[in-house]
Number of protein chains: 2
Amino acid sequence: MSDVAPTVHPAWLPAEAFGPLGRRHTMAHGTGLLVDTVVGEVARACARYGGTVRHTPAGDPAAPAPHPTTVPSPPDRTPAPPVAEPDGDVDLLLALRDAPTLPAWARRLAAGAATPLGDEGFLLAGAGERTLLLADAPAGLLYGLFHLVRLGRAAFDARPVECHRPALALRMLDHWDNVDVHPVTGQVERGYAGGSIFWRDGAARGDLARVREYGRLLAACGVNAVAVNNVNVHATEARLLTERLGDVAAIADVLRPYGVRVHLSVTFAAPVVLGGLPNADPLDAAVRAWWADATRRVYDRIPDFGGYLVKADSEGQPGPFTYGRDHADGANLLAATLAPFGGVVHWRAFVYDHRQDWRDRSTDRARAAFDHFAPLDGRFRENVVLQVKHGPIDFQVREPVSPVLAAMPATRLAVEVQVTQEYTGQQRHVCYLGPWWSEILGFAPWGPDGPTVADVAAGTARTRDGRTGEAGGSRGQTPGGGLVGVSNVGADPFWTGHPLAQANLYAFGRLAWDPGLDPVAVLDEWIGLTFPPSTTGEPGLVRRTLHAVLDGSWWTYERYTAPLGVGFMVRPGHHYGPDVDGYEYTPWGTYHFADRDGVGVDRTRATGTGFTGQFPRPWSERYEDLDRCPDELLLFFHHVPYGHRLRSGRTVIQHIYDTHFAGVEQVEAMRGQWRRLAGLVDPALYARVSERLDEQRRCAAEWRDQINSYFFRKSGVPDEHGRRIW
Amino acid sequence: MSDVAPTVHPAWLPAEAFGPLGRRHTMAHGTGLLVDTVVGEVARACARYGGTVRHTPAGDPAAPAPHPTTVPSPPDRTPAPPVAEPDGDVDLLLALRDAPTLPAWARRLAAGAATPLGDEGFLLAGAGERTLLLADAPAGLLYGLFHLVRLGRAAFDARPVECHRPALALRMLDHWDNVDVHPVTGQVERGYAGGSIFWRDGAARGDLARVREYGRLLAACGVNAVAVNNVNVHATEARLLTERLGDVAAIADVLRPYGVRVHLSVTFAAPVVLGGLPNADPLDAAVRAWWADATRRVYDRIPDFGGYLVKADSEGQPGPFTYGRDHADGANLLAATLAPFGGVVHWRAFVYDHRQDWRDRSTDRARAAFDHFAPLDGRFRENVVLQVKHGPIDFQVREPVSPVLAAMPATRLAVEVQVTQEYTGQQRHVCYLGPWWSEILGFAPWGPDGPTVADVAAGTARTRDGRTGEAGGSRGQTPGGGLVGVSNVGADPFWTGHPLAQANLYAFGRLAWDPGLDPVAVLDEWIGLTFPPSTTGEPGLVRRTLHAVLDGSWWTYERYTAPLGVGFMVRPGHHYGPDVDGYEYTPWGTYHFADRDGVGVDRTRATGTGFTGQFPRPWSERYEDLDRCPDELLLFFHHVPYGHRLRSGRTVIQHIYDTHFAGVEQVEAMRGQWRRLAGLVDPALYARVSERLDEQRRCAAEWRDQINSYFFRKSGVPDEHGRRIW
């Protein structure tokens, strides 16, 4: 049992998920904080399910042996499990490879895997009745443990030796949480799951039990870093770097046992607003000294502090432009202070003109990140991660992949996705984003035989000119920039507002660990863990229904919202629900240019903004070519008449009508499917999902009707099937 | 000198305006609080300009004589003026008609005006070198005094006897001021002049000097009632009726000397939220008793309390519908408790479905007030004033007059206008509303020979069936419901944000006193008072320029905003600036139905919502008839093709283009004209107006471009003159 309040949903770590593990007789070899975490988890499971666990610390004579032969006490009231007899009845061995106490059979098995497992990898092997989980470092044991949990009973089947290492070293969640309730954005900017788990009404939450449980959930899906405050850093939040640092350290203390490092969003103006310096010029010696001192103080308190996250010169946030410096100057300033401590700076590439003139069709927000950053490739320090939104605009339900990801081979690039559903239904709509992220990570910017976006994020991409994508290829194990997600978590009892949105958080971690995973298989894992068969009626029906509701829900959402990649037909401000012209005449650079004849944004080199030219071949050519551009991105790249025929054979206008009718029908089907689960799953969860599906149905119909009416009024083209358009 | 902080602009009561009065030798006869006010004003003027004043109280032997022969001390540090010698050198006599001390010559003059002057009227007469201002009641003297101020030197020219009485007895400003800063609407809902002069951050402002000065300004333009809090009554504001009543009483105390009565917005749910009763059913005896008790307590504290203002069953506010009762039941409940004390209830007729379905073209918000209230005519108590917005929608720059105003002959009707410029530029744009109100008040619902809206508000209208519009015609001097304006005043140093918006406040009072006044003449009064020639360079140029900027500014605003009466093309929420489709697919009932072929709302009986049928003839016929409907309201009543020819001869689409180009050109001309005043008027005022004119120019161009682009994209019709449409 977790020590979290019983009203909080256990997500993918219900007690039942630990049944197979808790029935085993386990021996653990090795020392370290995270080994203790692992042993504690096993002990807790054993206490419930009757297994045993014994912990033999590694034999480093210099190291103290915190748990020589006893089992660590679980943190709750569960009675300590019986201590297993040595060796004979052990059927699960958890061990660090260099543990001198490792028995011979395990040593032989381990020798079969010569490759290093790294800081976080693990080896799993079955030998007769025994199962071995081996790691080179404590974090590997932790991830291996949760891998066993995921596998359930199958973990203990005979199996060949298999090694698991994360593809991406940095797997991070950014919390856009404010300490103060912001008058416009609230406690959590773009948060749809209640308050913040870290902050409340201007202060840190006193009780960190929820954060500890969060760390456990993150470890169980593979996330290893968290930024604890909003990238828009307001006055109070700026002080987390200085006088409120203790609050950050407290969070770090409870996340550390789960291998999660803490990062902090800082304001580039900190030397001015906190330090009282006259400027924040990154080339000013006093500014450098101020940051060096501030960073040193952070590491004094938090030795494993992850680093800084910065939104600079973006949507009004301060940045190096003020001083005539560029983003490399700005990022390197902070990176230099973090480098001695092993920290990184995440520098966001989300820079564009948010005071554009809608009349000006030559300026193209989609071009902005590339235009700002591509020329800086090679200028960033090794511990700068340039954090690039997956698409060139802003987390729309459909965008091309950002060309920045294929343009900076000498820079560590992170891909940023939005787990929080700002533009995908705000956790009132079911929208499983695994397939979308999988598509992004699997996108091959240089063509089908080239590396993928995941390779770029891993730092292993080879670019068109044959260089590796690593910044300074000689570094050995270059981590790349990894995957970053904007968190969808809040103080809501279900963590994510919509209970089924937990699947997005889970899939984020799993895909960050292994971008090659099938997102439906990941969803299946999540279902198995979150709805363990022993807790539901008709487990087969539950599983099938959850797949039916979730698998295709991203495409469904796409169908009833902005069509064909055109994006941004949402209500300004809150971004929920339709408003076709809501951004059409605004300074935000997000237009569709619909008139009575056609719709879409001409971003070709031939006649448009030239954005297609920011991609390498073959995409620069495919996107440019009206006949070869993928249908789903047609209006992102081209302005076409309503009668234009898609590759699907349908006209654009008929596609709009058809998909919008279909999308609502699919939501109705989802509601029908869900209703079959009445009485089969937790009633509170059932009720919450039901209520949200009702809202999704209402809102989807609103989208359908507004989009269809808008385009019918503009085009005058009737629906081929004579359906009702208002 | 006023006792207000010197940083507050004196508006239309600068010291210089009192010059002609302050040079006279004045004798005042009569007693009463307002007589004291008058004498104090004169004394203040004399102290500055060398005149004298003597106050001989009336000889009612029962009445105390508060200022037997001395001059009351002015409220500031100004030294007391010299006391005049009796009689001989008096050149201005201010007197209550029944003052026994009245000299014979004045008595003779007064006898010439047999008509009673009423509570607020006055008589002005010149006799040789002497001028007589006579009233039947102290308030008359007060209004007469400010009439003298307005007249300036001309007040003392020889003139025949003239009598002035207000056409409308109730001349009221509603403050939509919140006590608490509301999270959405702020300190003042739809306020564009800074904070509230009454409230700040959850409490009453301690210093009421500003309120006192406000009362003085109101008296000087003719306003005699103020509602001190928002019609949307939130939790804190509800308590103004009970434990916070002292705050209201304090305001009443400082406004009383200027003849301004205080009214209070109350929540219909008060018996529940304040009294703890289980319901607020107007027919429930306990509810009636609660209100009776609450009202009695109010009058214990504020004997001349004006009454309650109620927004019920409107935009989410509670009301009698909850209990299956109607608006007459609700209003009469409160009226019954107010009647014994002479108070009235202002009951707003702004009731409509704000959760309409945009798909439903049969529901018409314009119809709502009539449909709700016309059937209740005759059901309201005598001290209920039904407060009707001037148009059927919501204070748009152009609407037809509300048909409710011609439909309830047995009800006291007040016309509600918006002095605050919610939909007319929010005090960032110059928009002098005098002509708009004048047009509304002068509108003749029953045709050119019938009574006007002003007659309805005065309670003197004769309806089509020959009955008077008075509720209970036998009451003698029936006051009618009067004119109500939503205040545009705030804590801003210029009172109204835009200094030239003061003219709207002034004109509101003057037109409420006499709806027949020429709004340009009223503006001329305002200019003369606010920019006294002695304080400006080139007074002729100043006056001409202010007329050039202000006279036609309402039409200018109309030209560059929503065309031909269609209304509501504003940004949702704040209502500033254009968003053509902003409300098109919302539940608010404010649509234009533009498609590729045409635009407008069909409200005819023949094919539309039938709203035209709510008007009496001839308007029911004129509005119905596409060929006779006034151009400026065409799209309010009809949906027409873009090629439809207006009575002006232009097509609708060309009219849209032409007026939008013209509107911006006119704003540019206003800016040019204003610049001529650099160095000629108060520099702070000059700078404020200049800055706002820049914003008006920017915003007008935004309107022009968005409206023109929107309709060009929809219609495909090019501008005949080939001007730039984006």
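This structure is a prediction, so every number in the text was calculated from the model and none was measured.

### Description of the overall build of chain A
Within chain A, the regular secondary structure consists of 21 helices and 20 strands. Expected size for 726 residues packed as a compact globule is a radius of gyration near 27 Å; at 26 Å, chain A falls within 12% of this value. Taken along its principal axes, the extent of the C-alpha atoms in chain A is 80 × 65 × 50 Å. Surface accessibility of chain A: about 24,200 Å² in total, with carbon and sulfur atoms responsible for 52%. Across chain A, the 73 positively charged side chains and the 84 negatively charged ones have centroids separated by 1 Å.

### Overview of the pattern of salt bridges
Residues and elements named next belong to chain A. Inspection of the entire model under this criterion finds 88 salt bridges over all chains. Across the salt bridge formed by Asp 705 and Arg 704, the nearest N and O atoms sit 2.9 Å from each other. Each member of the pair Asp 705 and Arg 704 is classed as buried.

### Topic: the sheet that holds strand β15 (residues 344-348) of chain B
All names here are of chain B. Reading around the barrel, the 8 strands line up as β7-β12-β13-β14-β15-β16-β17-β18 and close back on themselves, with parallel pairing between neighbours. Strand after strand, the sheet turns through a mean of 25 degrees between neighbouring axes, direction not considered. Sheet topology note: the strand β12 (residues 225-227)/strand β13 (residues 261-265) ladder contains 3 bridges and is parallel. Each bridged residue has a counterpart across the sheet, and for Val 226 the counterpart in β13 is Val 262.

### Here's the deal with the interface of chain A and chain B
At the junction of the two partners, chain A supplies 27 residues and chain B supplies 26 residues. Of the roughly 2,500 Å² buried between chain A and chain B on both sides combined, carbon and sulfur atoms contribute 45%. At the junction of chain A with chain B, the criterion picks out 6 salt bridges. Across the pair Glu 702 of chain B and Arg 359 of chain A runs a salt bridge, and its minimum N-O distance is 2.9 Å. Applying the counting rule to chain A against chain B returns 19 residue pairs in polar contact (both at pLDDT 80 or more). Here the residues of the side of chain A that touches chain B are counted per class, giving 8 nonpolar, 6 polar and 13 charged.

### Describing the state of the cysteines
All told, the structure shown has 0 disulfides over all chains when counted by the stated rule. Looking at the unpaired Cys 431 of chain B, the closest cysteine sulfur is the one in Cys 699 of chain B, lying at 12 Å.

### Digging into helix α5 (residues 209-221) of chain A
Residues and elements named next belong to chain A. The end-to-end C-alpha separation of α5 is 19 Å, in line with the 18 Å expected for 13 residues at 1.5 Å each. Regarding α5, the residues found buried are Ala 209, Arg 210, Val 211, Glu 213, Tyr 214, Gly 215, Arg 216, Leu 217, Leu 218, Ala 219, Ala 220 and Cys 221. After α5 finishes, the residue Gly 222 shows a positive phi value of roughly 110 degrees.

### Here we look at the confidence of the model for chain A
Residues and elements named next belong to chain A. Averaged over all residues, the pLDDT of chain A is 92; the fraction at 70 or higher stands at 93%. pLDDT under 50 marks residues 59-85. Its contacts with residues more than four places away, or in other chains, come to 43 contacts. In this model, residues 463-477 is a region of pLDDT below 50 whose contacts with residues beyond four sequence positions or in other chains number 32 contacts. Complex prediction metrics read pTM 0.89 and ipTM 0.85.

### Quick word on the nonpolar core
Counting residues in each nonpolar core, the largest one holds 222 residues, and the members touching the most others are Trp 12, Tyr 308 and Trp 347 of chain A. No other element matches the 10 residues that helix α21 (residues 683-715) of chain A contributes to this core. Here Trp 12 of chain A is in contact with Leu 217, Ala 220, Cys 221, Gln 502, Leu 505, Tyr 506, Trp 526, Leu 529 and Thr 530 of chain A, once residues within four sequence places are set aside. Of all hydrophobic cores here, the second largest spans 221 residues; its members include Leu 141, Leu 173, Ala 366 and Val 664 of chain B.

### Details of the packing of aromatic side chains
Any aromatic ring pair is given by two values, namely how distant the centres are and how the planes are angled relative to each other. Across all of its chains, the model carries 68 aromatic pairs over all chains by this definition. Taken together, a centroid distance of 4.9 Å and an interplanar angle of 50 degrees make the contact between Trp 554 of chain A and Trp 555 of chain A tilted. Exposure remark for Trp 555 of chain A: the relative accessible area of 33% places this residue in the partly exposed category. Consider the rings of Tyr 710 of chain B and Phe 711 of chain B, whose centres lie 5.1 Å apart with planes at 75 degrees: the pair is edge-to-face. Residue class for Phe 711 of chain B comes out buried when judged on its relative accessible area of 0%. Grouping aromatic residues by their ring pairs yields a cluster made of Phe 443, Phe 611, Phe 615, Trp 619, Tyr 623, Phe 636 and Phe 637 of chain A. Geometry around Trp 495 of chain B places Arg 210 of chain B over its ring, the cationic atom sitting 4.0 Å from the centre. Stacked on the ring of Phe 350 of chain B, the Lys or Arg Lys 389 of chain B has its end atom at 3.2 Å from the ring centre.

### Some words on helix α9 (residues 285-301) of chain A
Residue and element names in this part refer to chain A. With 17 residues, α9 ought to run about 24 Å at 1.5 Å a step, and its terminal C-alpha atoms sit 25 Å apart, in line with that. If you follow the buried residues of α9, they end up packed against α7 (245-255), α8 (270-273), β14 (307-310) and α10 (327-338). In this structure Asp 284 caps α9, since a side-chain oxygen of it lies 2.8 Å from the backbone nitrogen of Ala 286.

### So, the relation of the copies chain A and chain B
Overlay of chain A on chain B (RMSD 0.1 Å): rotation 180 degrees, translation along the axis 0.1 Å. Each copy turns onto its partner about a two-fold axis. Looking at chain A, 96% of its interface residues are interface residues in chain B too, so the copies touch through the same face.

### Some thoughts on the sheet that holds strand β4 (residues 122-127) of chain A
Residue and element names in this part refer to chain A. Taken together, 6 strands build an open sheet; the order of strands is β2-β1-β3-β5-β4-β6 and the sheet is mixed. Across the chains shown, the open sheet's two edge strands, defined by having one partner strand only, are β2 (52-56) and β6 (162-164). If you compare each strand with its neighbour and ignore which way they point, the axes differ by 15 degrees on average. The pairing of strand β3 (residues 92-96) with strand β5 (residues 130-135) spans 5 bridges and is classified as parallel. By the bridge assignment, Ala 95 is partnered in β5 with Leu 134. Running over the sheet, helix α2 (residues 33-49) touches β1 (25-29), β2 and β3 and is turned about 160 degrees from β2.

### So, the pairing of strand β13 (residues 261-265) of chain A
Residue and element names in this part refer to chain A. Counting buried residues in β13 gives 4 out of 5 residues, a clear majority hidden from the surface. Bridge analysis of β13 against β14 gives 3 bridges, and the strand direction is parallel. If you follow Ser 265 over to β14, its bridge partner there is Leu 309.

### Considerations on the side chain of Thr 267 of chain A
Residues and elements named next belong to chain A. Within the secondary structure, Thr 267 is located in the loop between β13 and α8. Overall, Thr 267 belongs to the buried group, its relative accessible area being 7%. If sequence neighbours within four positions are ignored, Thr 267 has contacts with Val 233, Ala 238, Val 273, Trp 291 and Pro 318.

### Thoughts on the environment of Pro 257 of chain A
The residue Pro 257 of chain A is located in the loop between α7 and β13 in this model. In sequence terms Pro 257 of chain A and Leu 333 of chain A are 76 residues apart; their C-alpha atoms lie 31 Å from each other.

### Brief notes about the environment of Asp 705 of chain A
Structurally, the position occupied by Asp 705 of chain A is in helix α21. Asp 705 of chain A sits 19 residues away from Arg 724 of chain A along the chain, and the two C-alpha atoms are 8.9 Å apart. What Asp 705 of chain A contacts, discounting residues up to four positions off in sequence, is Trp 726 of chain A together with Trp 358 and Arg 359 of chain B. Reaching out from Asp 705 of chain A, the side chain makes a polar contact with the side chain of Arg 359 of chain B at a distance of 2.5 Å.

### Description of the packing of helix α16 (residues 539-550) of chain A against helix α20 (residues 652-675) of chain A
Residues and elements named next belong to chain A. Where α16 contacts α20, the axes come no closer than 9 Å and their chain directions differ by 165 degrees. Between α16 and α20, the angle is such that the two are roughly antiparallel. Classified by chirality, the crossing of α20 by α16 is left-handed. Contacts between α16 and α20 involve Thr 545, Leu 546, Ala 548 and Val 549 from the first element and Met 670, Gln 673 and Trp 674 from the second.

### Here we look at the environment of Asp 595 of chain B
Locating Asp 595 of chain B in the fold gives a position in the loop between α17 (553-560) and β19 (598-599). Note: C-alpha distance between Asp 595 of chain B and Ser 715 of chain B (120 residues apart in sequence) is 7.8 Å. The contact partners of Asp 595 of chain B, leaving out residues within four places of it in the chain, are Arg 713 of chain A together with His 639, Tyr 642 and Lys 714 of chain B. Within polar-contact distance, the side chain of Asp 595 of chain B engages the backbone nitrogen of Asp 597 of chain B at 2.8 Å.

Basis of the calculations
Residues numbered from 1 in each chain as written. Chains lettered and ligands numbered in written order. Predicted model: local features only at pLDDT ≥ 70, side-chain atom pairs only at ≥ 80, totals over all residues. Heavy atoms only, no water. Helix = DSSP H or I, 4+ residues; strand = E, 2+ residues; numbered from the N terminus. Rg over C-alpha atoms; globule rule 2.2 N^0.38 Å. Areas by Shrake-Rupley, 256 points an atom, 1.4 Å probe, with all protein chains shown as cover. Lys, Arg positive; Asp, Glu negative; His and termini not counted. Charge placed at Lys NZ, Arg CZ, Asp CG, Glu CD. Salt bridge = Lys/Arg side-chain N within 4 Å of Asp/Glu carboxyl O. Buried < 20%, exposed > 50% of the residue type's maximum accessible area, 1.4 Å probe, protein only. Pairing = 2+ DSSP bridges. Axes fitted to C-alpha atoms, helices over the stretch in contact; angles between N-to-C directions. Contact = heavy atoms within 4.5 Å. Buried area = accessible area lost by both parts, 1.4 Å probe. Polar contact = N/O pair within 3.5 Å; in protein donor to acceptor, adjacent residues only side chain to side chain. Nonpolar A, V, L, I, M, F, W, Y, C, P; charged D, E, K, R; others polar. Disulfide = S-S within 2.5 Å. Expected span 1.5 Å × (residues − 1). pLDDT = per-residue confidence, 0-100. Core = buried A, V, L, I, M, F, W, Y, C linked by side-chain atoms within 4.5 Å. Phe/Tyr/Trp six-rings, centres within 6.5 Å; stacked < 30°, edge-to-face > 60°. Lys NZ or Arg CZ within 6 Å of the ring centre and 35° of its normal. Least-squares fit on C-alpha atoms with pLDDT ≥ 70 in both. Parallel < 35°, antiparallel > 145°, perpendicular 65-115°, else oblique. Left-handed = near helix turned anticlockwise from the far one by under 90°.

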